[in-house]
Amino acid sequence: MAEFKYLIFDGDIVPYEDAKLHISTPAVRYGATAFEGIRAYWNSNVGQLFMFRARDHMDRLLQSAWLMGMEGIKYSSEELISMVTELLRRNSVRHDVHIRPSLFVASEGSISSRGPVCFGVVLASGNPALSNHEGVNGSMRLAISSWRRIDDNTVPPRIKAAANYQNGRMALIQAEKDGYDGAIMLNAAGKVTEEPRACIFLIRDGKIITPSITNDILESITRDSVIQLLKEAHSIQVVERAVDRTELYLADEIFLVGTALEITAVRSVDQFEIGGRSCESVTSAISETYVAAVSSNEGLHSEWREPVYDI
Ligand SMILES: Cc1ncc(COP(=O)(O)O)c(C=O)c1O
């Protein structure tokens with residue numbers, strides 16, 4: 001039984017059961033799929049569902065597809081947002097929801113087929129992969145992975161492509177087998193990149209630091225929001241630079257940020273306990289600001305909240 005009655009397949013709103021993709025397509029055979037994860041938050045005070053930074057997510061989706069060489073995409077970001085808005089209305093969604101759009105090469109074809117490209121969207125109530133995970137929105141125990149992060153000259157992490165995620169899957173599966181909640185991946189130079197689902201911030205000697213966008217990470221929209229909110233609401237300037245592994249062990253606080261994980265505190269890295277020297281003050285302060293920004297009609301940056309219903 002489908003959780004939501006309708007989805008989008010090939011640009012049309014159709015019953016959940018009607019979305020079928022052939023196994024011969026480059027989307028299935030070669031991972032020729034660009035995708036996004038967007039959250040929409042229900043605000044019961046005003047009776048409104050707000051998509052968070054939907055325009056930025058759709059811009060990134062189109063950018064990923066373009067970098068992957070896809071051709072013939074007939075939609076703008078605005079058109080993609082209106083289709084998703086219509087889908088949310090058709091499903092009468094009045095609670096928090098995870099929106100999963102993708103653009104994929106759906107013809108029968110070869111490894112280098114560039115189109116035709118199909119637009120699809122599925123909805124999910126939360127993030128099933130994470131919802132039973134005690135670490136999420138609590139605090140996670142992470143390990144540095146022995147799997148290296150892909151880089152800009154192999155499969156660029158800046159592209160949110162399904163195929164890229166095999167790299168993060170290797171790291172996550174290994175970390176879970178070893179009894180951890182997640183993994184931190186280093187790049188070929190041995191510098192910290194990100195967790196397979198989220199970007200990473202650390203606090204050390206009063207400075208908030210995050211790997212820069214040229215350190216083989218996804219250009220995360222939550223990371224960008226957190227940098228702006230820390231500056232505007234807390235007068236803290238984030239330092240973006242290369243980060244060493246042992247800096248994580250020495251950190252006073254570490255938190256992960258991403259659409260799915262939102263803001264999640266990290267308890268330990270390679271069994272080094274984090275934060276013995278301070279109480280997670282920045283992590284909880286930025287979490288509060290972030291929650292207001294995504295869901296409250298009084299939070300900062302009203303332009304980030306895309307209303308779904310006409311009220
Ligand atoms: C590898 C990776 N890094 C970071 C993020 C966080 O990105 P965003 O904040 O845009 O969701 C995600 C989630 O999309 C991710 O998959």
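From a predicted model like this one, the values you see are computed outputs, not experimental measurements.

This brings us to the overall build of the protein. Of regular secondary structure, the protein possesses eight helices and 16 strands. The globule rule puts the C-alpha radius of gyration for 311 residues at 19 Å, and the 19 Å found for the protein is close to it. Projected onto the principal axes, the alpha-carbon positions of the protein cover approximately 55 × 50 × 35 Å. Evaluated residue by residue, the protein yields a buried proportion of 40% over its 311 residues. For the protein, restricting intrachain contacts to residue pairs at least 6 apart in sequence, the fraction spanning at least 24 positions comes to 69%.

Looking now at the site of the ligand. Neighbouring the ligand are 14 residues, the closest being Ser 220, Ile 221, Thr 222, Gly 258 and Thr 259. When the residues that make up the shell around the ligand are grouped by side-chain class, the tally is five nonpolar, six polar and three charged.

Under the domain assignment, the protein is made up of domain 1 (6-126) and domain 2 (139-295). Just the C-alpha atoms count here: the centres of domain 1 and domain 2 sit 26 Å apart. Counting residues at the interface gives 20 residues for domain 1, matched by twelve residues for domain 2. For the side of domain 1 that touches domain 2, the secondary structure elements donating two or more residues are strand 3 (33-35), strand 4 (38-43), strand 5 (48-52) and helix 2 (54-67).

At their nearest, the axes of helix 6 (residues 221-234) and helix 8 (residues 281-295) sit 10 Å apart, and the two run at 105 degrees to each other. What the angle tells us is that helix 6 and helix 8 run roughly perpendicular. Where helix 6 abuts helix 8, its residues Ser 225, Val 226, Leu 229, Leu 230, Ala 233 and His 234 lie against Ala 285, Ile 286, Thr 289, Tyr 290 and Ala 293. Classifying every residue of the contact of helix 6 with helix 8 gives eight nonpolar, three polar and no charged.

All right, on to unusual backbone geometry then. Most peptide bonds adopt trans geometry, and most residues besides glycine take a negative phi value. Gly 115 connects to Pro 116 through a cis peptide bond whose omega is -5 degrees. By secondary structure assignment, the location of Pro 116 is in the loop between strand 6 (97-105) and strand 7 (117-124). A positive phi angle is found at Ser 92, which is not glycine, with a value near 50 degrees. Within the secondary structure, Ser 92 is located in the loop between helix 3 (77-90) and strand 6.

About the thresholds
Residues numbered from 1 in each chain as written. Predicted model: local features only at pLDDT ≥ 70, side-chain atom pairs only at ≥ 80, totals over all residues. Helix = DSSP H or I, 4+ residues; strand = E, 2+ residues; numbered from the N terminus. Rg over C-alpha atoms; globule rule 2.2 N^0.38 Å. Buried ≥ 20, exposed ≤ 12 C-beta atoms within 10 Å, placed from the backbone. Contact = placed C-beta atoms within 7 Å. Near = placed C-beta within 6 Å. Nonpolar A, V, L, I, M, F, W, Y, C, P; charged D, E, K, R; others polar. Domains from an automatic or database assignment. Axes fitted to C-alpha atoms, helices over the stretch in contact; angles between N-to-C directions. Parallel < 35°, antiparallel > 145°, perpendicular 65-115°, else oblique.

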